[in-house]
2 protein chains.
Amino acid sequence: MASKILIVEDDTNAGLLLQSFLTSEGYQAKLALNVKTGLQSFLGDVFSMCILDCSLPDGDGFGLAKEIRLRNEHVPIIFLTARSLLDDKIRGFQSGADDYITKPFETFELLYKIKAILRRSQVQVSGVTDSCFKIGSYLFDPKNQTLSSGEVVRRITAKENEILKLLCLKKNQITRKDEILIALWGESDYFKGRSLDVFIAKLRKYFANDSTIEIENVHSVGFILSDGGIS
Amino acid sequence: MASKILIVEDDTNAGLLLQSFLTSEGYQAKLALNVKTGLQSFLGDVFSMCILDCSLPDGDGFGLAKEIRLRNEHVPIIFLTARSLLDDKIRGFQSGADDYITKPFETFELLYKIKAILRRSQVQVSGVTDSCFKIGSYLFDPKNQTLSSGEVVRRITAKENEILKLLCLKKNQITRKDEILIALWGESDYFKGRSLDVFIAKLRKYFANDSTIEIENVHSVGFILSDGGIS
DNA sequence: GAAGAACGTTAACGAAACGTTAAAATGTTG
DNA sequence: CAACATTTTAACGTTTCGTTAACGTTCTTC
């Protein structure tokens, strides 16, 4: 699975160029144009690395780095500095950055830096990344039993967690009812079935804000979790 | 315990200057003047990081880096390049370097790079080494069984220590209850579980002064130690 | 379109889990 | 063994979660 990299850069030209370069190198690059959407993007997915411009229209990269650090202690952060001012570099490192690169930069230089940093942080990320599901605007972390949307993190119960995990493993496909019942209760009778219905209702409520997410029922067969978007 | 840094640099002036600077910053710096003594030094001790000059009298830093990599997959390597040639940088990264810095350099810039790289490589081995954990405003030293806040040092008991260590290793993540029970008692029954609850209550009391620290319960699953950061 | 089965949702109940304090048991040290 | 520290058990109040019941809606079949 390709590493996801978040780019926050207000210069659209430079941003798109960087994005297409990283994509061509086998990464999955997401571009945001300001602090606000940058943070939103960060909260809405799991990234292996962030590349932040120092100066942004609605603030600066340093503040954004701190916000990101608050939420994730380990994700590597690289700064893009227009000037090679020592002061900028130091501010970057103090905000929790791992490295910086001065514009204009040689793309291969950036690529090698990215590789070096990812190599070092891979062990860290791999444990968390593979276990997260993106469901519409929500992020589901079955390991921690959390369902987060932007700033809001909701901790769900063990049973809800197990059911949602099964639904996610077959996203956009039918998850058979008896399959869930056997997996969670070890047996499949009328009452367990009703219990499952209650849990489905609860999950639907959690996703009520996002109209693209649906848990459809397939009569007397099972349920389908679907979100309109591309995962 | 100071981090040991190996410097391999043939320009004695620059080498000594760098050595004394790093020493003044609290590191333990060893200086070697060529590839041969550099490798000897590396093999004769354990270093947290290597800083290599590109051009050396009896070879170059790239070859040395490869030799070092052969023996240690993980030790961070920083190159000093006289020129800012892209080619040199790429050769450096290909030899397994983590970063480079062009001479003449601002010492503080190097210092921050060193800090950033050490921070990242320390996290990796944190599961192995019994280093200290930072928990909010507290410092937890599992080796000495101490929990200190400012001037105040409290010695905690063996069981408290073990439990807190497990929680710290998974900070902001769920530590499963049965995992703790098996690790400490070798079995997981009702009474051991109640005992664990008592210890959790004690730990909570120790952290009562710092409202950012929480030991949350995840019903029938386990506990989460968190200090302000959002998981 | 009528009847029965399956589903959607809400609320209430009770069992199990948890939080905390104190006392009893166990271990340690001089 | 005596004084002390540590751990376990007991006890009691509080919280949480899963199940069930109840009632309404939708779907399927004849």
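Our structure is the block above this text.
Residues numbered from 1 in each chain as written. Chains lettered and ligands numbered in written order. Predicted model: local features only at pLDDT ≥ 70, side-chain atom pairs only at ≥ 80, totals over all residues. Heavy atoms only, no water.

Student: Quick rundown of the sheet that holds strand β8 (residues 133-135) of chain A? Include the residues and the values.
Tutor: All names here are of chain A. Strand order in the open sheet formed by 4 strands is β8-β9-β10-β11, with antiparallel pairing between adjacent strands. The strands lining the two open edges of the sheet, one partner per strand, are β8 and β11 (152-155). Sheet twist, expressed as the mean angle between neighbouring strand axes with direction ignored, is 25°. In the sheet, strand β10 (residues 146-149) pairs with β11 via 4 bridges, with the strands oriented antiparallel. If you follow threonine 146 over to β11, its bridge partner there is arginine 155. (Pairing = 2+ DSSP bridges. Helix = DSSP H or I, 4+ residues; strand = E, 2+ residues; numbered from the N terminus. Axes fitted to C-alpha atoms, helices over the stretch in contact; angles between N-to-C directions.)

Student: Now, about the interface of chain B and chain A: what can you tell me, with residues and values included?
Tutor: Between chain B and chain A, the residue contacts involve 36 residues of the former and 34 residues of the latter. Between chain B and chain A, a total of about 3100 Å² is buried, with carbon and sulfur atoms accounting for 52% of that surface. The interface formed by chain B and chain A contains 4 salt bridges. Across the pair arginine 120 of chain A and aspartate 98 of chain B runs a salt bridge, and its minimum N-O distance is 2.5 Å. Within the residue set of the side of chain B that touches chain A, elements represented by two or more residues are α4 (86-94), β7 (99-102), α5 (107-125) and β13 (213-218) of chain B. When residues of the side of chain B that touches chain A are assigned to their parent elements, the largest contribution, 10 residues, is made by α5 of chain B. (Contact = heavy atoms within 4.5 Å. Buried area = accessible area lost by both parts, 1.4 Å probe. Salt bridge = Lys/Arg side-chain N within 4 Å of Asp/Glu carboxyl O.)

Student: How would you sum up the pattern of salt bridges? Please name residues and give values.
Tutor: Here the structure, examined in full by the defined rule, presents 27 salt bridges over all chains. Two residues, lysine 170 of chain B and glutamate 179 of chain B, come together in a salt bridge whose shortest N-O distance is 3.6 Å. Across the pair lysine 171 of chain B and aspartate 227 of chain B runs a salt bridge, and its minimum N-O distance is 3.1 Å. You can see lysine 171 of chain B sitting in the loop between α6 (158-169) and β12 (175-176) and its partner aspartate 227 of chain B sitting in strand β14 (residues 222-227), a full 56 residues away along the chain. Of the two residues, lysine 171 of chain B and aspartate 227 of chain B, neither departs from the other in class, the shared state being buried. Taken together, the shared-partner salt bridges in this structure form one network comprising Asp99 and Lys113 of chain A together with Asp99 and Lys113 of chain B. (Buried < 20%, exposed > 50% of the residue type's maximum accessible area, 1.4 Å probe, protein only.)

Student: Just give me the short version of the protein's contact with DNA strand D, but keep the residues and values in it.
Tutor: Looking at DNA strand D, there are 20 residues lining it, with Trp185 and Ser195 of chain A together with Thr157, Trp185 and Lys202 of chain B nearest. With respect to DNA strand D, the side chain of threonine 157 of chain A contributes an N or O atom lying 3.1 Å from a phosphate oxygen. Here tryptophan 185 of chain A contributes a side-chain N or O atom positioned 2.6 Å from a phosphate oxygen of DNA strand D. Those elements giving two or more residues to the surface near DNA strand D turn out to be α8 (190-206) of chain A together with α6 and α8 (190-206) of chain B. With 6 residues, α8 of chain B is the single largest residue contributor to the surface near DNA strand D. Here the residues of the surface near DNA strand D are counted per class, giving 9 nonpolar, 6 polar and 5 charged. (Near = heavy atom within 4 Å. Polar contact = N/O pair within 3.5 Å; in protein donor to acceptor, adjacent residues only side chain to side chain. Nonpolar A, V, L, I, M, F, W, Y, C, P; charged D, E, K, R; others polar.)

So, to be careful, I would describe these as geometric facts and stop short of saying anything about function.
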